[in-house]
Amino acid sequence: MRIRYLPETLINQIAAGEVVERPAAVVKELVENALDAEASAIDVDIVEGGKTRIVINDNGCGMSEEEIKAALDRHATSKLPDDDLLNIVHLGFRGEALASIAAVAKINIKTYDKENKEGWEIACEGGKKSGVRPSSHPEGTRIEVADLFYATPARLKFLKSERAEFGAIRDTLVRLAMAYPAVEFSLIHNGSRKLNLPAVLDSQSRLSALLGRDFGKNSMVIKAEREKIIITGYAGLPTYHRGTSQYQYLFVNGRAVKDRLLHGCVRAAYADVLHRNRHPVVALFLDLPPEEVDVNVHPAKAEVRFRDPQLVRGLIISALKHAIMEGGYRTAGTVGGRTLEALDKSASGSFLPLYRGQGKAVPRSYTNNYTPAQLSANHNFYESEQVSYEINPNARVEEQPCSVHEEDAQGFPLGAAKAQIHENYIIAQIKEGVVIVDQHAAHERLVYERFKGQLEKTGVEKQGLLTPDIIEMDESDAEQLFEYSETFAKLGLEIEPFGAGAIAVQSVPALLSGRLDTKTLLFDLLDDLKEYDKATLLEEKINHILATMACHGSVRSGRRLNANEMNALLRQMEETPLSGQCNHGRPTYVCLSLNEIEKLFSRR
Ligand SMILES: Nc1ncnc2c1ncn2[C@@H]1O[C@H](COP(=O)(O)OP(=O)(O)OP(=O)(O)O)[C@@H](O)[C@H]1O
Ligand SMILES: [Mg+2]
């Protein structure tokens, strides 16, 4: 085989692969061009998730005859007047987007040159340009892209469902709209309007139009500056979190980015106050001199490089942490280093192997004082305790006598409950040490396992609601939930349409009734569904849904438990497979042996 030069069309198709990955990328490039042309209104009209047609109309400066001729050529741009890649002030600069789109789709451009008061039109199909013709186009530029990827069937095959592609387009437009509140945006899909955003004065109004008033109420203002780097925006309270990081909107000099460094900063700032499987909602705008940031690292410009990443990182993390503190969500006081060390050791060393595999829970060091007979005798005890396990909000631990004989209870793997501290941790005494249980994590696992048990035997028991809960949401989100309504129904959760953009919840799993915030549950399920792809097995999906439901129906931290309730929880944990960790893989309890406690006090 000889080396040969590839034909121009093939070169363009290969290059296009990097820039135009899916319909949303076309929308991003065309809207960015309109923004660069200083449009104040941009309309996006798409058909079938952008697969068959994408039309973008703007009221920007338009192009002259010479410009429209060059616009479709590779490496032709009006945006790098000084050839200076360190001084990029527009969203575009590569002069590649239109050429790439033209290489894989049919494109038609109509424009009105404001300066010379003339209209022009050009088309391109199969990489072949038509001549420039005069046009009666009245204002700005209109670009129509049809039959995307018709020229590259391989890529066409990789497109997702219409809904998924539309979702990606909407997300793209939402991000651009956040960064440009003074520009009016509209989005139409298959003839129906999906977004209508009038121009507003500040990003706060735009954000609340896009993220809802809920976010406004549950967010903190971020504003900080260090050495010409400015960060502004809004960050959700730690209690306002979602199941994916999709709702983190990050911008660098007005450019929406999905940058690892920046996402890492957000994660690090919330690490103390949020479980790592939960993600805060943030919209952060970073502004810095153009020479401080290189945007020329990614063909779709989604990533950036900072000249001084540590400085940027430090600024973002401290700004967020400061806001979190101010928000009154102080992190727990740091545990003494030695205690932590001891706890660490206990996690690997004397972590009680409560339940491994199918057998009964018989921990190594307790085999002698703890028999299966004892366990089943107690089983009835806590089954009958279940009623009183319903949380009594007024219960105070210190006022309740412990109904289990102390000596007996200490023989159990998780021992006898002595106290509840910080309204979430149960301190229990075992024969040779202390166990600390995270009540929420533990209960979550119990509910999850009970769900699985019920599902295996009879199906999950449901409890009808006297008046259905009506939950408002985006129409496309509601549709997505309905796709799973049959599966949900098997799991006790019955939902029905309630007009456009609302859902009526008719029943919930009986295990959860009375303790459930159906609205947050539905939104979390939605987040889960968005993460599934077609390949996920139904069984896996069901487990995931059960886990999400269990999380919602579990005793929250912050609920006071009385001694009976605490002991009941410990006994149920001993009976439940895998109760040593919650559904997210966090431990549900840690154990500190007397030995270790003595070491802490230098007695050994
Ligand atoms: N909507 C528009 N209004 C006015 N001019 C436009 C518009 N879209 C494109 N152009 C002109 O066409 C040129 C080529 O656009 P194209 O998107 O291919 O490259 P670019 O924006 O310069 O760089 P990049 O490839 O990074 O997007 C632009 O530089 C601009 O001059
Ligand atoms: Mg461009």
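In what follows, the structure referred to is the one given above.
Residues numbered from 1 in each chain as written. Chains lettered and ligands numbered in written order. Predicted model: local features only at pLDDT ≥ 70, side-chain atom pairs only at ≥ 80, totals over all residues. Heavy atoms only, no water.

1. Section: the site of ligand 1
Just so we agree on the cut-off: Throughout this document, a residue counts as near a molecule or strand when at least one of its heavy atoms sits within 4 Å of that molecule or strand. Distance and chemistry together define a polar contact, namely a pair of N or O atoms within 3.5 Å, with one atom able to donate a hydrogen and the other to accept it when in protein, and with adjacent residues in sequence counting only for side-chain atoms on both sides. Areas reported here follow the Shrake-Rupley algorithm with a probe of radius 1.4 Å; residue values treat only the protein chains shown as occluding.
Taken together, the neighbourhood of ligand 1 is formed by 21 residues, with Thr77, Ser78, Lys79, Glu96 and Lys301 sitting nearest. One of the side-chain N or O atoms of Glu29 is found 3.4 Å from an oxygen atom in ligand 1. Between Arg94 and ligand 1, the recorded distance is 2.8 Å, taken from a backbone N or O atom to an oxygen atom. Relative to its unbound accessible surface of 590 Å², ligand 1 loses 95% to contact with the protein.

2. Considering the pattern of salt bridges
Pairs may arise between side chains of opposite charge once their charged atoms sit close together. Applicable threshold: Note on definitions: salt bridges are taken to be side-chain nitrogens of Lys or Arg within 4 Å of carboxyl oxygens of Asp or Glu. Secondary structure follows DSSP: runs of H or I at least 4 residues long count as helices, runs of E at least 2 residues long count as strands, and numbering of each begins at the N terminus. Buried, partly exposed and exposed residues are distinguished by accessible area as a fraction of the type maximum, computed with a 1.4 Å probe on protein chains only: under 20%, between the cut-offs, and over 50%, respectively.
Across all of its chains, the model carries 24 salt bridges by this definition. Note that Glu121 is salt-bridged to Arg133, the shortest N-O span being 3.3 Å. Of this pair, Glu121 sits in strand 4 (residues 118-125) while Arg133 sits in strand 6 (residues 133-134); the two residues are 12 residues apart in sequence, bridging distant segments of the chain. With a relative accessible area of 14%, Glu121 lands in the buried category.

3. Some remarks on a nonpolar patch on the surface
Which entries qualify depends on this criterion: For patches, a residue must show more than 30% relative accessible area and have no salt bridge; joins then use 9 Å for like charges and 5 Å for nonpolar side chains, namely Val, Leu, Ile, Met, Phe, Trp and Tyr.
A cluster of nonpolar residues, Leu6, Leu10, Ile11 and Ile14, forms a patch on the protein surface that exposes about 310 Å² of accessible area. You can see Leu6 is positioned in the segment before helix 1 (8-19). Classification of Leu6 as partly exposed rests on a relative accessible area of 35%.

4. Topic: the sheet that holds strand 24 (residues 502-509)
Defined as follows: Two strands are counted as paired when DSSP detects at least two bridges linking them. For helices, the fitted line uses only the C-alpha atoms of the stretch in contact; every axis is such a line through C-alpha atoms, and the angle between N-to-C directions lies from 0 to 180 degrees. Here a residue-residue contact requires only that any non-hydrogen atoms of the pair lie within 4.5 Å.
Spatially, the three strands line up as an open sheet ordered 22-24-23, and their pairing is antiparallel. Only two strands of the sheet have a single neighbouring strand rather than two, namely strand 22 (462-472) and strand 23 (494-497). Going across the sheet, the axis of each strand differs from the next one's by a mean of 20°, ignoring polarity. By the bridge criterion, four bridges tie strand 23 to strand 24 in an arrangement that is antiparallel. Each residue of the ladder has a partner; that of Pro497, found in strand 24, is Ile503. The sheet strands contacting helix 15 (residues 475-482) are strand 23 and strand 24, and the helix crosses strand 23 at an angle near 135°.

5. Considering unusual backbone geometry
Not every positive phi belongs to a glycine, and Asn253 is a case in point at roughly 45°. With respect to the helices and strands, the residue Asn253 is situated in the loop between strand 13 (248-252) and strand 14 (255-257). Given the relative accessible area of 30%, Asn253 is considered partly exposed. The phi angle at Lys301 is positive, at roughly 60°, despite the residue not being glycine.

6. Focus: the nonpolar core
Condition: Within this scheme, the nonpolar core is defined by two criteria: the residues are buried Ala, Val, Leu, Ile, Met, Phe, Trp, Tyr or Cys, and they are joined through side-chain atoms within 4.5 Å. The start and end points of each domain follow an automatic or database-based domain assignment.
Among the nonpolar cores identified, the biggest contains 65 residues, and Val31, Ile42, Val44, Ile107, Ile109, Val145 and Phe185 are the most heavily contacted of them. In terms of residue count, helix 6 (residues 162-179) provides more of this core than any other element does, nine residues in total. Both of domain 1 (8-197) and domain 2 (203-326) provide at least three residues apiece to this core.

7. Concerning the side chain of Asn108
On the secondary structure map, Asn108 appears in strand 3 (residues 106-113). For Asn108, a relative accessible area of 17% puts it in the buried group. A polar side-chain atom of Asn108 sits 3.2 Å from a polar atom in the side chain of Glu121. For Asn108, the residues in contact, after removing those within four places along its chain, are Glu121, Ile122, Ala123, Arg142, Ile143 and Glu144.

8. Things to note about the packing of aromatic side chains
The criterion, for reference: For this analysis, a ring pair means two rings from Phe, Tyr or Trp (six-membered ring only for Trp) whose centres lie within 6.5 Å, classed as stacked if their planes differ by under 30 degrees, edge-to-face if by over 60, and tilted for the remaining angles. Cation placement over rings: the criterion is NZ of Lys or CZ of Arg within 6 Å of the ring centroid and within 35° of the ring normal.
What the rule picks out here adds up to two aromatic pairs. Taking 4.7 Å as the distance between ring centres and 10° as the angle between the ring planes, the aromatic pair formed by Phe251 and Phe285 counts as stacked. One end of the pair, Phe251, is in strand 13; the other, Phe285, is in strand 16 (residues 282-287), and 34 residues separate them in sequence. Here the basic side chain of Lys106 rests over the ring of Tyr150, its NZ or CZ set 4.8 Å away from the ring centre. Above the face of the Phe93 ring, Lys301 is positioned so that its terminal group lies 5.5 Å from the ring centre.

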